[in-house]
Amino acid sequence: MIVLKLGGSVITEKDREETIDEDRLAALAGALAGQEDVALVHGAGSFGHRYAAKHGVSITEGTHDGAAVREIHGSMERLNERVLSALGAEGVSAVPVDPLSLAYRTREGELSLPLDGIETMLAEGFVPVTYGDVITQQEKGATIVSGDELVVALAEGLDADGVGLCSTVPGVLDDAGAVIPRIGSYDEVAEYLGESDSTDVTGGMAAKVRALLELEAPASVFGPDAIGRFLAGEGAGTRID
Ligand SMILES: Nc1ncnc2c1ncn2[C@@H]1O[C@H](COP(=O)(O)OP(=O)(O)OP(=O)(O)O)[C@@H](O)[C@H]1O
Ligand SMILES: C=C(C)CCOP(=O)(O)O
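Just so you know, these numbers come straight off a predicted model, no measurement behind them.

Cut-offs applied
- Residues numbered from 1 in each chain as written.
- Chains lettered and ligands numbered in written order.
- Predicted model: local features only at pLDDT ≥ 70, side-chain atom pairs only at ≥ 80, totals over all residues.
- Heavy atoms only, no water.
- Phe/Tyr/Trp six-rings, centres within 6.5 Å; stacked < 30°, edge-to-face > 60°.
- Buried < 20%, exposed > 50% of the residue type's maximum accessible area, 1.4 Å probe, protein only.
- Lys NZ or Arg CZ within 6 Å of the ring centre and 35° of its normal.
- Pairing = 2+ DSSP bridges.
- Helix = DSSP H or I, 4+ residues; strand = E, 2+ residues; numbered from the N terminus.
- Contact = heavy atoms within 4.5 Å.
- Axes fitted to C-alpha atoms, helices over the stretch in contact; angles between N-to-C directions.
- Core = buried A, V, L, I, M, F, W, Y, C linked by side-chain atoms within 4.5 Å.
- Patch = residues over 30% accessible without salt bridge, like charges linked within 9 Å, V, L, I, M, F, W, Y side chains within 5 Å.
- Areas by Shrake-Rupley, 256 points an atom, 1.4 Å probe, with all protein chains shown as cover.
- Salt bridge = Lys/Arg side-chain N within 4 Å of Asp/Glu carboxyl O.
- Lys, Arg positive; Asp, Glu negative; His and termini not counted.
- Charge placed at Lys NZ, Arg CZ, Asp CG, Glu CD.

Novice: I tried to follow the packing of aromatic side chains on my own but got confused; where do I start?
Specialist: Centre-to-centre distance and the angle between the planes together describe a pair of aromatic rings. A complete count under the given rule lists one aromatic pair for this structure. Both rings, one in Phe222 and one in Phe230, keep their centres 4.9 Å apart while their planes meet at 25°; by these two values the pair is stacked. Like Phe230, Phe222 is buried. Positioned above the aromatic ring of Tyr186 is the side chain of Arg210, whose terminal nitrogen or guanidinium carbon lies 4.0 Å from the ring centre.

In structure tokens, the structure reads:
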């Protein structure tokens, strides 16, 4: 099975509040038509990040304010609903997986994500669709979990054969803007890796590469045009292994 993340900046217009990139989302959903054995994750883009920033909540900064949690989570639910309906329109048997209700962080910040329900969804032919969200954390109230963290937890826990991150960029880029074909260690590319270029409380490309290098399964970072190649098992963007 594969774990695939649709980047928030791909499926939304990241600089326009709560705005979907309809054409992009429809094209990605079309590429996934007929696909099974895939767990999907999506990021926040213009939906979750600005509410998280407004309330000062991040992966490490928590809140005990229920209204803040509801506002961040509500925004992500609205985005998830749109992703589900785009997938549904292509006949994908997509079903939601809500991190706030399912997952939590320990006091040390470790993510706990029970997988039995998701495994059963996959076994029954559903395509689970989860997303970066706000989740509770012991002694901190609630913090953000990024879609990238969920990708790692799903890939490890479900023993994925492959991992894909579909982002706005065609891959991890070097200082000349060229796609780096393969990354085997963080140090070889650290100088090129930066933060996201818009409001993003979870880290941009540096955090992604770091997390993907820790996985057993090979991972790829690619742009929306390459999703078909990725799903066909062909080379797409940057391979991280
Ligand atoms: N060396 C690099 N190569 C490619 N992108 C880079 C690099 N350094 C920084 N970036 C930034 O990382 C961004 C991708 O990370 P970002 O977190 O925005 O993506 P996403 O996963 O699509 O969105 P989201 O986090 O909302 O789900 C790129 O748009 C770019 O601005
Ligand atoms: C900001 C929120 C709610 C989730 C962030 O998830 P990401 O866009 O995958 O980093």
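Novice: Help me understand the sheet that holds strand S4 (residues 104-105), please; the structure alone is not making it clear to me.
Specialist: Each strand in a sheet pairs with its neighbour through backbone hydrogen bonds, running either in the same direction (parallel) or in the opposite one (antiparallel). With mixed pairing, the four strands of this open sheet are ordered in space as S5-S4-S7-S8. Each edge of the open sheet carries a strand with a single partner, namely strand S5 (111-112) and strand S8 (141-145). Pairing of strand S7 (residues 133-137) with S8 involves five bridges; the strand directions are antiparallel. By the bridge assignment for S8, Gln137 is matched with Gly141. Contacting S7 and S8, helix H4 (residues 66-89) runs over the sheet at an angle of about 140° to S7. Across the sheet, helix H7 (residues 147-157) lies against S4, S5 and S8, angled at about 80° from S8, the strand it touches most.

Novice: Can you help me understand the nonpolar core in this one?
Specialist: Across soluble globular proteins, you tend to see nonpolar side chains buried next to one another. In this structure, Leu154, Val172 and Val209 are the most contacted members of the largest nonpolar core, which totals 39 residues. At the level of elements, strand S2 (38-42), helix H6 (116-123), H7, strand S9 (162-166), helix H8 (204-213) and strand S11 (219-222) are the ones that each hand at least two residues to this core. In terms of residue count, H7 provides more of this core than any other element does, six residues in total. With residues near it in sequence (within four places) discarded, Leu154 still touches Val3, Ala39, Val41, Leu113, Leu115, Ile118, Thr130 and Asp159. Formed by 31 residues, the second largest nonpolar core is a distinct cluster that contains Ile20, Leu28, Leu32 and Leu40.

Novice: How should I be thinking about the sheet that holds S2 in this particular structure?
Specialist: Taking strand neighbours across the sheet as the criterion, the eight strands line up as S3-S6-S2-S1-S9-S11-S12-S10 in an open arrangement whose pairing is mixed. Where the open sheet ends on each side, the last strands, each with one partner, are strand S3 (94-96) and strand S10 (182-183). Relative to S9, strand S1 (residues 2-6) is paired through five bridges, and the arrangement is parallel. When the sheet's bridge partners are listed, Ile2 is paired in S9 with Gly162.

Novice: I'm lost on a negative patch on the surface in this one. Help?
Specialist: Taken together, the side chains of Glu36, Asp37, Glu156, Asp159, Asp161, Glu214 and Glu216 present a region of like negative charge at the surface. Residue position: Glu36 is located in the loop between helix H2 (22-31) and S2.

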